[in-house]
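# A closer look at the structure
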Amino acid sequence: LSLEERLAGYVVEGSKDGLIPDLEKALEKYQPLEIINGPLMEGMDEVGRLFNDNQLIVAEVLQSAEVMKASVAFLEPYMDQASTETKGKVVLATVKGDVHDIGKNLVEIILSNNGYQVVNLGIKVPPEQLIEACRREKPDMVGLSGLLVKSAQQMVLTAQDMKEADLDLPILVGGAALTRKFTDQRIAPQYDGLVLYAKDAMNGLELVNRLKD
Ligand code: B1M
């Protein structure tokens, strides 16, 4: 197997045997984010397909998630640290009802490495908790992640609750079940501030940077 196939394979198999040496090899050819967005994400997509076909159970998907998390943790110190000055503050959360946090945590890493202070509220964050954090932390923007179809709907409700709480901070949304169309047509009309859709974590950084400029 090629290095790339092996890397995807660790995620699919949920196995860490040999993972770190292969990540070290991969760093000789690729940037950390290329490794994550390339072979590791391909592995995760395959896990999603197998899970959908009932060929994997939740416990096995969890093992795959562990491999992904270990890889991101190993690669993080090799990522570019763009600046040390603080460019702004972002409150970040996976929405109510959703436990998926690998994408959200990737957003945290990328924003932190690029000068943003991130307050990561974790998973299954109800709107009340988010609103409270906004009042406490006074962030420049809010980031919401969610991977389930129902999480997209939850973002609509969260935006409504934020509006009712008189918040109009820009909201960045992302996650597998979400689209730009859904964001523009269903979430944004429920809110007074900007709602921006990011297709991946890097795109999220670009949007946050554009907002700050
Ligand atoms: Co679940 N899961 N899962 N899962 N899981 C999906 C999402 C699913 C598509 C798999 C499938 O069936 N094919 C499916 C959703 C179906 C749907 O609603 N359409 C699904 C399901 C059904 C479930 C459960 C309901 C299963 C069950 O219990 N029967 C359950 C849900 C529990 C709950 O949330 N209440 C569940 C549980 C789990 C595990 C716990 C086992 C585990 C998560 C572990 C963890 O996160 N700590 C898990 C996993 C790993 C997946 C898949 C396989 C991989 C997700 C992942 O981590 N990808 C996933 C299938 C898939 O996506 N291919 C699946 C890697 C990660 C880097 O990508 O998070 O998409 P992602 O982030 C991307 C972009 O989306 C974007 O940037 C990142 C890339 O740079 N992004 C943002 C994300 N958030 C962003 C925020 C931003 C900007 C960009 O700004 C704020």
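None of these values were measured; they are calculated from a predicted model.

Here we take up the overall build of the chain. When you go through the chain residue by residue, the secondary structure sums to nine helices and five strands. Mapped in sequence order, the helices and strands of the chain form the string α-α-α-α-β-α-β-α-β-α-β-α-β-α. What you see for the chain is a C-alpha radius of gyration of 18 Å, in line with the 17 Å of a compact globule of 213 residues. Over its C-alpha atoms, taken along the principal directions, the chain stretches across nearly 55 × 45 × 25 Å. Within the chain, buried positions represent 48% of all 213 residues. Seen as two clouds, the 22 positive and the 33 negative side-chain charges of the chain have centres 5 Å apart.

Residues in contact with the ligand amount to 36 residues; listed here are only the nearest, Gly97, Val99, His100, Asp101 and Ser145. Within the backbone of glycine 97, a nitrogen or oxygen atom sits 2.9 Å from a nitrogen atom of the ligand. Given that more than half its atoms are within 2 Å of the pocket grid, the ligand belongs to the largest pocket. Elements with a minimum of two residues in the shell around the ligand: helix 3 (32–52), helix 4 (58–75), helix 5 (102–113), strand 3 (141–145) and strand 4 (171–174). Per element, the largest residue contribution to the shell around the ligand is seven residues, and it comes from helix 3. Its residues assigned to classes, the shell around the ligand comprises 21 nonpolar, nine polar and six charged.

Turning our eyes to something else, we now look at the pairing of strand 1 (residues 88–94). For a regular strand, the rule is simple: side chains alternate between the two faces of the sheet. Counting buried positions along strand 1 gives seven out of seven residues, so the element sits mostly inside the fold. Residues of strand 1 alternate between two faces, with Gly88, Val90, Leu92 and Thr94 on one and Lys89, Val91 and Ala93 on the opposite face, all of them buried. Relative to strand 2 (residues 116–120), strand 1 is paired through five bridges, and the arrangement is parallel. Its bridge partner lying in strand 2, valine 91 is registered against valine 119. In terms of handedness, the path from strand 1 via helix 5 over to strand 2 forms a crossover that is right-handed. Pairing analysis gives five bridges linking strand 1 to strand 3, with the strands arranged parallel. Looking across to strand 3, one finds that valine 91 is bridged to valine 142.

For the cobalt atom of the ligand, the protein contributes exactly one donor atom, His100 (NE2), at 2.2 Å. The residue histidine 100 is located in the loop between strand 1 and helix 5 in this model.

Where helix 4 contacts helix 5, the two axes come as close as 11 Å, and the packing angle between them is 5°. It follows from the interaxial angle that helix 4 and helix 5 lie roughly parallel. Residues Ala65, Met68, Lys69 and Val72 of helix 4 form the contact with helix 5, whose participating residues are Ile102, Leu106 and Ile109. When grouped by side-chain class, the residues that make up the contact of helix 4 with helix 5 number six nonpolar, no polar and one charged.

With parallel pairing, five strands are arranged side by side in an open sheet as 2-1-3-4-5. On the outer flanks of this sheet lie strand 2 and strand 5 (195–197), each paired with one strand and no other. Strand after strand, the sheet turns through a mean of 25° between neighbouring axes, direction not considered. Bridge count between strand 4 and strand 5: three bridges; the pairing is parallel.

It is worth spelling out the layout of surface pockets at this point. By volume, the largest pocket is sized at about 1,400 Å³. Contributing to the lining of the largest pocket are 47 residues, with His100, Ile102, Gly103, Leu147 and Ala176 lying nearest its centre. Contributions of two or more residues to the lining of the largest pocket are made by helix 3, helix 4, strand 1, helix 5, strand 3, strand 4 and helix 9 (201–212). For the lining of the largest pocket, the element with the most residues is helix 3, which contributes nine residues. Across the lining of the largest pocket, the residue classes break down as 30 nonpolar, nine polar and eight charged. As for the second largest pocket, its lining consists of Gln31, Pro32, Leu33, Met79, Asp80, Ala82, Ile110, Asn113, Asn114, Met202 and Leu205.

Quick notes on the rules
Residues numbered from 1 in each chain as written. Predicted model: local features only at pLDDT ≥ 70, side-chain atom pairs only at ≥ 80, totals over all residues. Heavy atoms only, no water. Helix = DSSP H or I, 4+ residues; strand = E, 2+ residues; numbered from the N terminus. Rg over C-alpha atoms; globule rule 2.2 N^0.38 Å. Buried < 20%, exposed > 50% of the residue type's maximum accessible area, 1.4 Å probe, protein only. Lys, Arg positive; Asp, Glu negative; His and termini not counted. Charge placed at Lys NZ, Arg CZ, Asp CG, Glu CD. Near = heavy atom within 4 Å. Polar contact = N/O pair within 3.5 Å; in protein donor to acceptor, adjacent residues only side chain to side chain. 1 Å grid on protein atoms, 1.4 Å probe; cavity = no way out; pocket = protein on both sides within 12 Å on 5 of 7 lines; lining within 4 Å. Sits in = over half its atoms within 2 Å of the grid points. Nonpolar A, V, L, I, M, F, W, Y, C, P; charged D, E, K, R; others polar. Pairing = 2+ DSSP bridges. Right-handed = clockwise from strand over helix to strand, strands pointing away. Donors = N, O, S within 2.8 Å, 3.2 Å for Na, K, Ca; no water. Axes fitted to C-alpha atoms, helices over the stretch in contact; angles between N-to-C directions. Parallel < 35°, antiparallel > 145°, perpendicular 65-115°, else oblique. Contact = heavy atoms within 4.5 Å. Points joined across faces, edges and corners; volume = space filled by probe spheres on them.

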